[in-house]
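Chain residues, written in single-letter form:
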Amino acid sequence: MATRRKECSKKRVQYLVRRHIIELIMQSPGSRIRIPSSNVLARKLGVAKSTAQLELERMAAEGLIIPKVGIGTFSNPDCFFGRDSVSIGVIVGDGKCILKSYFTTLMLFGLETEILRHGFQLQEVPVFSNDEDEMVEDLRSLSCRAILWLQPPERYASIVRALAAERPVLVVEETLAGVDSLRINRHAFGYALAREILKKNRVRPVFVTYPLFRDTTFQGIRQAYEEAKVPLEEKQLIWEEDKLKRLRELLGSGFRPDALFCMLEFDLESLAMFREFGVDLESECLFVTNMYKPAAMREPAMKFDFPAEEIGCRAVEILQARLNDRCLPVQNCEIELSTRWKMV
């Protein structure tokens, strides 16, 4: 644990040096500016000269800055778009994310693509500290004009609000009172998903997901089946911690599902379990997803489109409006997932 804290502190100091240099460059976009020496950086930022020198060498290796022997080090305008544009900082989760889920990757692709496509600069923002005051101080010092925060933890609520008090902040896939937010309407998605599955005469589906979606996606699914006069049993909606155990008990009881929708983290295990119990995934049971079909799966699957681009466009619209008018009422927007699908 001590080693991990030491490594985190080291990375934070390195990031502070890099961020300071990038912010100097962003003050004169498109221009070639002189970068302070390691001695100057060390004194200004209160870090070791060796740390500052190491980060200068890394940035030079990446082509962000260009050292010239006997003259100094300069920025490389070609790496910073060469235009005077507003930068938007992007934070994911707790800011310490190392492993990303497919969902997070897909969301980021849509959000970041649209940020860049609309002419903004994009600044990825890591968070190294665990101290709230230190985190607020670090994030307040960012030069970006707005922040897009994907799925901030609930414990960060006061930090998000502190930032939102001084610059536009958009929270994505969470809702926080007093802060602009954009999230997927999961109840509507559950309802639309179930309607399409019903059109294929699938009346014994199994849905495996997280407790988070029990009161949203599951309720939409239940509503669609109730309207179709095909009530679902509680055992068909699996959301508890021991999901795979519950699924095994269900299949072991003799229940024969004719459709399966599950979160990606459980798809391979669930599919293997279905095969173990002799459920034919080609003619008897339909695999349904709104993410991707597992590469190891040879049977057909029903894949719904995921509107990453649409989500990104809506996020940029909200941020642009807030940048233009800080006095606008807080926007809490929901976006509906697509009901378009194809067999893959």
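Residues numbered from 1 in each chain as written. Predicted model: local features only at pLDDT ≥ 70, side-chain atom pairs only at ≥ 80, totals over all residues. Heavy atoms only, no water.

Draft legend 1. Here's a closer look at the pairing of strand S12 (residues 286-289). Here S12 shows two buried faces, one formed by Leu286 and Val288 and the other by Phe287 and Thr289. Sheet analysis places strand S11 (residues 259-262) next to S12, joined by 3 bridges and oriented parallel. Residue pairing in the sheet places Ala259 in a bridge with Leu286 of S12. Crossover handedness for the path S11 to helix H10 (residues 267-276) to S12: right-handed. (Buried < 20%, exposed > 50% of the residue type's maximum accessible area, 1.4 Å probe, protein only. Helix = DSSP H or I, 4+ residues; strand = E, 2+ residues; numbered from the N terminus. Pairing = 2+ DSSP bridges. Right-handed = clockwise from strand over helix to strand, strands pointing away.)

Draft legend 2. Seen up close, the environment of Ala162. Relative to the elements of secondary structure, Ala162 occurs in helix H6 (residues 157-164). Leave out the neighbours within four places in its chain, and Ala162 touches Val136 and Arg140. (Contact = heavy atoms within 4.5 Å.)

Draft legend 3. Main features of the packing of helix H7 (residues 186-199) against helix H8 (residues 217-227). One way to put it is that H7 packs onto H8 with a least axis distance of 6 Å and a crossing angle of 40°. As the angle between them shows, H7 and H8 are arranged oblique. Of the two elements, H7 crosses H8, and the hand of that crossing is right-handed. In this structure, H7 contributes Arg186, His187, Gly190, Tyr191, Leu193, Ala194, Arg195, Ile197 and Leu198 to the contact, and H8 contributes Thr217, Gln219, Gly220, Ile221, Gln223, Ala224, Tyr225 and Glu227. Looking at the contact of H7 with H8 residue by residue, the class counts come to 8 nonpolar, 6 polar and 3 charged. (Axes fitted to C-alpha atoms, helices over the stretch in contact; angles between N-to-C directions. Parallel < 35°, antiparallel > 145°, perpendicular 65-115°, else oblique. Left-handed = near helix turned anticlockwise from the far one by under 90°. Nonpolar A, V, L, I, M, F, W, Y, C, P; charged D, E, K, R; others polar.)

Draft legend 4. The arrangement of the packing of helix H4 (residues 102-117) against helix H11 (residues 308-324) in detail. The interhelical angle for the contact between H4 and H11, taken along N-to-C directions, is 50°, at an axis separation of 7 Å. In terms of orientation, H4 and H11 fall into the oblique class. The handedness of the crossing between H4 and H11 is right-handed. Here H4 contributes Leu106, Met107, Gly110, Leu111, Glu114, Ile115 and Arg117 to the contact with H11, which in turn contributes Ala308, Glu309, Ile311, Gly312, Cys313, Ala315 and Val316. Of the residues that constitute the contact of H4 with H11, the class distribution is 9 nonpolar, 2 polar and 3 charged.

Draft legend 5. Seen up close, the nonpolar core. Counting residues in each nonpolar core, the largest one holds 51 residues, and the members touching the most others are Leu148, Leu193, Phe207, Ile221, Tyr225 and Phe306. Counting residues per element, this core draws most heavily on H11, which supplies 7 residues. If we ignore the near neighbours within four places in the chain, the residues touching Phe207 are Leu193, Ile197, Phe218, Ile221, Tyr225, Leu232, Gln236, Leu237, Ile238 and Phe261. Within the second largest apolar cluster, 23 residues are counted, among which are Val127, Phe128, Ile147 and Leu176. (Core = buried A, V, L, I, M, F, W, Y, C linked by side-chain atoms within 4.5 Å.)

Draft legend 6. Seen up close, the sheet that holds strand S6 (residues 146-150). Strand order in the open sheet made by the 6 strands is S5-S4-S6-S7-S8-S14, with parallel pairing throughout. Two strands close off the open sheet at either side, each with one partner strand: strand S5 (121-124) and strand S14 (332-335). The mean angle between the axes of side-by-side strands here comes to 20°, regardless of whether they run parallel or antiparallel. Bridge count for S6 against strand S7 (residues 169-172) is 4 bridges, and the pairing is parallel. Its bridge partner lying in S7, Leu148 is registered against Leu170.

Draft legend 7. Fine view of empty space enclosed by the protein. The tally for this structure, following the rule as stated, stands at 1 cavity of 30 Å³ or more. One number sums up the size of the largest cavity: a volume of about 60 Å³. Arg12, Tyr15, Arg19, Val125, Pro126, Val127, Phe128, Met135, Asp138 and Leu139 are the residues that line the largest cavity. For the lining of the largest cavity, the secondary-structure elements that each account for two or more residues are helix H1 (2-26) and helix H5 (132-140). (1 Å grid on protein atoms, 1.4 Å probe; cavity = no way out; pocket = protein on both sides within 12 Å on 5 of 7 lines; lining within 4 Å. Points joined across faces, edges and corners; volume = space filled by probe spheres on them.)

Draft legend 8. Seen up close, the side chain of Thr289. If you trace the backbone, Thr289 turns up in strand S12. Look at Thr289 and you get buried, because its relative accessible area is 1%. If near-sequence neighbours (up to four positions away) are discounted, Thr289 is found in contact with Phe261, Leu264, Met302, Lys303 and Phe304.

Draft legend 9. Summary view of the sheet that holds strand S3 (residues 72-75). With antiparallel pairing, the 3 strands of this open sheet are ordered in space as S1-S3-S2. Both outer strands of the open sheet, strand S1 (34-35) and strand S2 (65-68), are each paired with one neighbouring strand and no more. In terms of strand pairing, S2 meets S3 through 4 bridges, oriented antiparallel. The residue of S3 that forms the bridge with Ile65 is Ser75.

Any functional reading would require information that these geometric values do not contain.
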